[in-house]
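# Commentary on secondary and tertiary structure
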Protein chains: 4
Amino acid sequence: MPFLPLKMHGLLCDDMAIYQEYTDKNGRRRAEYNFTYLDRVMDSYLGLGLRPFLELGFMPKKLASGEQTVFYWKGNVTPPRDYGEWCALVQAVLTHLMDRYGADEVVTWPVEVWNEPNLDSFWEGADMEEYFTLFARTFAAVKAVDGRFQVGGPAICGVDDRRWMRCFLEFCRKEGLRPDHITRHHYGIEPPQEVGHYTYTTLQDPEEGFEGLRASREIVDSFAEFRGLPIHVTEFNTSYCPNSPLHDTNRNAACIAYQLSRLGDWNESYSYWTFGDVFEEAGVPFTPFHGGFGLVANGCIPKPTFWAFAFFKRLQGQCVHRGPEAVVVRRPGGGYRGVAWNRTHDGNGQVLELEFLLPMEGARACLLTETVDETTCNPLKMWHDLGEPASLSRAQRDLLRRAAAPLAGSQGVAVDGGEAKVSIVAQPNGVVYFELLPVKGQCDRGYDYSRVNGR
Amino acid sequence: MPFLPLKMHGLLCDDMAIYQEYTDKNGRRRAEYNFTYLDRVMDSYLGLGLRPFLELGFMPKKLASGEQTVFYWKGNVTPPRDYGEWCALVQAVLTHLMDRYGADEVVTWPVEVWNEPNLDSFWEGADMEEYFTLFARTFAAVKAVDGRFQVGGPAICGVDDRRWMRCFLEFCRKEGLRPDHITRHHYGIEPPQEVGHYTYTTLQDPEEGFEGLRASREIVDSFAEFRGLPIHVTEFNTSYCPNSPLHDTNRNAACIAYQLSRLGDWNESYSYWTFGDVFEEAGVPFTPFHGGFGLVANGCIPKPTFWAFAFFKRLQGQCVHRGPEAVVVRRPGGGYRGVAWNRTHDGNGQVLELEFLLPMEGARACLLTETVDETTCNPLKMWHDLGEPASLSRAQRDLLRRAAAPLAGSQGVAVDGGEAKVSIVAQPNGVVYFELLPVKGQCDRGYDYSRVNGR
Amino acid sequence: MPFLPLKMHGLLCDDMAIYQEYTDKNGRRRAEYNFTYLDRVMDSYLGLGLRPFLELGFMPKKLASGEQTVFYWKGNVTPPRDYGEWCALVQAVLTHLMDRYGADEVVTWPVEVWNEPNLDSFWEGADMEEYFTLFARTFAAVKAVDGRFQVGGPAICGVDDRRWMRCFLEFCRKEGLRPDHITRHHYGIEPPQEVGHYTYTTLQDPEEGFEGLRASREIVDSFAEFRGLPIHVTEFNTSYCPNSPLHDTNRNAACIAYQLSRLGDWNESYSYWTFGDVFEEAGVPFTPFHGGFGLVANGCIPKPTFWAFAFFKRLQGQCVHRGPEAVVVRRPGGGYRGVAWNRTHDGNGQVLELEFLLPMEGARACLLTETVDETTCNPLKMWHDLGEPASLSRAQRDLLRRAAAPLAGSQGVAVDGGEAKVSIVAQPNGVVYFELLPVKGQCDRGYDYSRVNGR
Amino acid sequence: MPFLPLKMHGLLCDDMAIYQEYTDKNGRRRAEYNFTYLDRVMDSYLGLGLRPFLELGFMPKKLASGEQTVFYWKGNVTPPRDYGEWCALVQAVLTHLMDRYGADEVVTWPVEVWNEPNLDSFWEGADMEEYFTLFARTFAAVKAVDGRFQVGGPAICGVDDRRWMRCFLEFCRKEGLRPDHITRHHYGIEPPQEVGHYTYTTLQDPEEGFEGLRASREIVDSFAEFRGLPIHVTEFNTSYCPNSPLHDTNRNAACIAYQLSRLGDWNESYSYWTFGDVFEEAGVPFTPFHGGFGLVANGCIPKPTFWAFAFFKRLQGQCVHRGPEAVVVRRPGGGYRGVAWNRTHDGNGQVLELEFLLPMEGARACLLTETVDETTCNPLKMWHDLGEPASLSRAQRDLLRRAAAPLAGSQGVAVDGGEAKVSIVAQPNGVVYFELLPVKGQCDRGYDYSRVNGR
């Protein structure tokens, strides 16, 4: 399993208050840096066991060359007024982090330069030459702080990405720069339709998206200097809109489960965009189930997709099966863990039944299942049935949390001829985690389960 | 709903270390009282929001007239060596509690004299006359501390209980004592069979048990002086054995749900025996699912019966239906709450389908359900499938907790002609909580649930 | 003791995101309200046991008539573009709060219209007539929601306050408005000097400030219609600058202790400005001890002034002494509690020794003291000694918390002739809490304190 | 610093309920093991970050050859009825722990055979030959489970210890046993006097005690086979009585600080007896300050001696000073940490003033101190002043906790000629932790501490 980093977006934005200026006694404008909020954020991250993937951006207003901003929270997307001052800011931030958290720790945090410069809403004019200047200057500045930092780009999204990727690598080759990794984003929907606060979308065929990822891989590998460089997908999801009701569904969970089984084929890591739903791109959300990117809705209610991640995280061991509908690994102690999913394009589908014959010692095994589907774990539907309340009462929030837990079940499985036969059933849009464990008889003196119910 | 007190059993036993003695300089034996552990216990109770039902017993070894003990933890069941010293002990305990927790608070804690004196394992020789002496002396001692204390007895179990009840009341009448309440126990099984660490039992017809409770009520009411005195069932359960696997089952939950719907007919309160499973009557249990009395297994795993209580606790409102399979109440805001159960005698049964027509305003309602049955919430079965481990690993414990949560679901219900039609399905041995809520349309601008899944 | 409310400042500001607009299909601009963040804030308040004093302001940018803002966080201080829309917003907020938290609860939260309209930085042009319009319209709008709401103004600070107060009341009389209470602010420094990120100030004579409060009281009482109306001091402190190092000192604590002993003479309540130090008026603070208003520094480090409040909160009972240096109350059980302080104008002063003869039963008493002075509880000094670090390491933060606790001590006191003589010593800038308790001898069998140390 | 293990005493006692028996269908008595409570205890230990030092004892009643017990909690101190069954029990316990917590972890837990067999109250007849049999059989049994276990004895106390030590080693040599470590206990008082619930004692000269420890070391080293074997002091304290008021005093803390500075000279580890005060050797304590062994009184109130440990734990670095009154270490970053103590024999003494000249870079340093003495951190005295209450109210408990924290202070220190001069003052019976830190000037723009107080 590649590591799953937490992308730290907006690090240099005005709300973080890092970049400040004052006029000295000679009337000269001078920079000063304020790390009060950065410390609070980073202390929280590390206290939760998270490490950041440092995205350098956007531009502090006072350091910007223009006025263009993106999002409700007004990230300035123009180049720096002065590249020297930009580099000084980047270096001050990294140096502060190293002072506070230790150099050996901080240099392990990957660095990415800017965000989606190939879109003119994220980088003024989507100006490729200007981005290359930004990259080269920033790359040099970071390496000057500590050569161990892993720095990469170009952080592009899927629009015109092949040309950008190729040009970026040619630029690096020409300039003799060797990025430590390559970064891009990955989404998979057709152009969406906006209605009121929401956008409605249709899923792309996922194979199309994989084709794009494979193309990125091939472009990188086609440069002798860069062959094999790790690629990080620093954002991915189905829809790239922060208000797509799709995100809240079981269907999304099944789609993402499939993505998780494939993205490692071309990439070193892939970061779901986003973890939580308290998020302001398109303004402050009006309801808890507003189609936000997050794995967890406001009120700490996990959405079905949360469980796709929770389940895949358990898949440590040796892969013995990977197909379009399931992954199975063998565990050190002799058992198995797997995830199955029943992806649908438009919400409709057939029940999926899978059967695995798994080599096993002993005579008995236990099959554990945790099932996330539209019947067992569907907080969105319950919220809808409750009348789509914008403000959850405490009772509603607690109820929705209860409705957001997988259904856990078990059954005894006979091991026959050294093999256990496991049947997994997944409803349409369902994701099923399963675990096959060897069972030793440990019956306590006098205990007879068959008598327990008097049957 | 009557209040559900926590019976404080073993208050005066040696493990509580309250009664101590020393020899003074004149060589005389003198009592001294140690409240160190009592304070720890009571602080914990009150910190959890619990109030005790004070059971006065058993006998501190140093104050006892004999050696007979009951249980692995050796409760001495003989009369006091000296009634004066016994009364001094009781008074010292109550006075200490009043000093520490406030007199006005402590006098609201009901008091019961001894435990099951009609069994010779709990009271030497099941000596009725001696118990009456104990009762009269203790009653007077408590009242002398504060006349507001509510004191009662005879705390008998179902063996020969009608004779005991009648004799007890005759004794009180003769002595001019007026107990503040009457107490008894209530269990409902045929004589059990012991195998190894376990006992296997068959359920009595619950109507037989209710008949006994009705008889107690009638005996009390047949005494003009005592007519209408509250009766507290200070212990009840299906099996009275601390190692009956029945206690851990869904079948038990359904049986107890029925009990909860009936016991208030004759009694002021009824206390399930017991809350937890860390309990030593028959020795320290060898496994987490050892058939203990508790609602919660060792490892904080709620058993199905826990949920019967959790569900009934929510039934506050005006009762609009009570039958052998369900109770429904109307809520102040116009909704309904109910519990349905599908009780079986021997574990086997038919699916139960209930339908309610409930008057309702508005056009739409939401039906919430939480289902506890052998498929959705059955930690015992999962533990069995796991191989009946005596020591749970942390992972097993966490898994069992997940398997011990009800399945929460919802559905929209149309309100037609001022009525909502609610269908509830309960599997054999299942207990289903349901709630019908009026729904106001609060659709956010642009939100269209029918488009969410693209269907 | 009057109640000490938490002023909720900035309720309607853009960061709360409540007021939003959209264009309907007829091309008309329409308001919509977003309560997502309001719910989060209010849930947190109530979860901590706090109730708000609702300040209605500042102006959402989209509803404003102008561009003028105040502070780093850009509160718009212009009148509404349309008073009808403003009133609709106010009513929507109150109605939402009542729906969520219960009408009976929410109507107990006092309401204040705007903040310091007599300063042109807080209200465009300090336009008195415009404020009166705002007040009258808002007052009527709130009362239309629920007549039980307690609404007041004019929320003025000490600048030209007598004229404003009088004109405000004349306006109300003329318009037939009867505010439920009067509000003002109270600070006590000479004009400050700004150096870099900080301002340095000199304390006013506190009696001057009290004179101003008395004047407010007299003006209100001079109107027959308004005589006796409660006055709330909705902000007070020594310095009104958010970057006055004075706030972090022991000197400040002693000054505030004196204020706490006097402010109740003319006012119903008085709210220290502010509770915490994560605060952005003059920009994000660069260091934890930056002279912020807060009682608690960033990192949860209580400042000395925190303890002045903690100590006064314990003074419940009957006042038996109030002087310029101490307050003492008698407690129901026969003991006493008091606070003494040793205020200095410029940091320098003499040791203060106070003696009290207090009537007492019994033979022995215990004097408990908790001392906050420059030696025992001075986190600012320790931070300075540590080199004034801008970013606290975890170890430094923990150390500063330890250095921010009062020193607790005790001594036995003989009761002689029905009186106990208590001596209290307060160092310059010190605040001392003390408690005199009656002591019953409870010596355990064999315990002899005089032998404990072998002395 | 050697590691400071937590001795797990009473592991096999009846309250742990591990050893059980039943009669099989052939009428034969058979052992069975119950690990329910062991799991609860060990889970708690490990959850707190503690590792046990496994003491094997005492004897389960059912496995014992006699009736003799020790303590209120009745530990049976007789040899096993059958050594084979004893060994089977020991092996079952270790095997269970390895199954549950991992073999690699559990084999790092040191093992000790029995407790103080050289006292006839702890081992029937103080029978040396019988102990050697127990040791040899147990040693072999443990090693048979896993040869990596570190097993030792003879766990003797200071009575007749030289003879026992020598005989034990001779026995081992003769039998060809090689214990992995040697264990003994270490106390330092004259014979105590008992009065009521308490014992009063006089301190021995600590050098006498050290002489005994040195003798143990020499005896071990005098055996060529055993030279250099680690010695663990598995119990130490001043008084060996569980009801010595001395334990609760500041005097005890200063004595123990000195012990901590010396015990490493001859021993690999040394374990203070005991951590907590909820402890039953002489019966359940009647009051929170009853002279128990614990570092922490009932109610989670740290006693002064707790801080001696907390302070020594911070002394990691290179020792630059060790004397009869202080230890100082140099820290990696260039600072220093130290502990000073002012020990008295009988409670009376002079103020101690120490001066250290410590090499230091830079121009300024900060001296931090945390002071535990009779004025600053003396919960025993406050409890006495409060009237020695047996049952603490919540308010009293909270107050005592506040009175049980060291006083933290700081001062600036000039570094002159590459040296800092540090003066430490310790009151009689005081323990002072200090830390000297290099200070970098980090003055924020405009901040001037000298102006803060206006002085």
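Here, every reference points to the structure presented above.
Bear in mind the structure is a predicted one, so any value in this text is a computation, not a measurement.

How each quantity is defined
- Residues numbered from 1 in each chain as written.
- Chains lettered and ligands numbered in written order.
- Predicted model: local features only at pLDDT ≥ 70, side-chain atom pairs only at ≥ 80, totals over all residues.
- Heavy atoms only, no water.
- Least-squares fit on C-alpha atoms with pLDDT ≥ 70 in both.
- Contact = heavy atoms within 4.5 Å.
- Pairing = 2+ DSSP bridges.
- Helix = DSSP H or I, 4+ residues; strand = E, 2+ residues; numbered from the N terminus.
- Axes fitted to C-alpha atoms, helices over the stretch in contact; angles between N-to-C directions.
- Buried area = accessible area lost by both parts, 1.4 Å probe.
- Salt bridge = Lys/Arg side-chain N within 4 Å of Asp/Glu carboxyl O.
- Nonpolar A, V, L, I, M, F, W, Y, C, P; charged D, E, K, R; others polar.

### Remarks on the relation of the copies chain B and chain A
Screw-axis analysis of chain B against chain A gives a translation of 0.0 Å along the axis, an RMSD of 0.1 Å, and a rotation angle of 180 degrees. Such a turn and shift between the copies fits a two-fold axis. Among all residues of chain B, the one whose C-alpha sits closest to the rotation axis is B:Leu407, at a distance of 3.5 Å. When the interface residues of chain B are mapped onto chain A, 100% of them again lie at the interface, so the same face is used by both copies.

### Some thoughts on the relation of the copies chain D and chain B
Here chain D sits on chain B after a turn of 180 degrees about the axis and a move of 0.1 Å along it, with an RMSD of 0.1 Å. A share of 100% of interface residues in chain D that are also interface residues in chain B marks the association as one of identical surfaces.

### A closer look at the sheet that holds strand β4 (residues 52-56) of chain A
Residues and elements named next belong to chain A. Strands sit in the order β1-β4-β7-β8-β9-β12-β13 across an open sheet of seven strands; the sheet is parallel. At either end of the open sheet lies a strand with only one pairing partner, and these are β1 (6-8) and β13 (269-272). Sheet twist, expressed as the mean angle between neighbouring strand axes with direction ignored, is 25 degrees. Relative to strand β8 (residues 151-156), strand β7 (residues 111-113) runs parallel, the two being bridged by two bridges. The residue of β8 that forms the bridge with Glu112 is Gly152. Contacting β9 (181-186) and β12 (231-236), helix α6 (residues 206-222) crosses the sheet at an angle of about 165 degrees to β9.

### Topic: the interface of chain D and chain B
Contact residues are listed per partner, giving 25 residues for chain D and 25 residues for chain B. Summed over both partners, the interface of chain D with chain B buries about 2000 Å², with 43% contributed by carbon and sulfur atoms. On the chain D side of the interface with chain B, the three residues burying the most area are D:Tyr37, D:Val284 and D:Phe286, jointly 25% of the side's total. At the boundary of chain D with chain B, the tally comes to zero salt bridges. Elements with a minimum of two residues in the side of chain D that touches chain B: β3 (29-33), α1 (36-47) and α2 (83-101) of chain D. Tallying contributions element by element places α1(D) first for the side of chain D that touches chain B, with four residues. Looking at the side of chain D that touches chain B residue by residue, the class counts come to ten nonpolar, nine polar and six charged.

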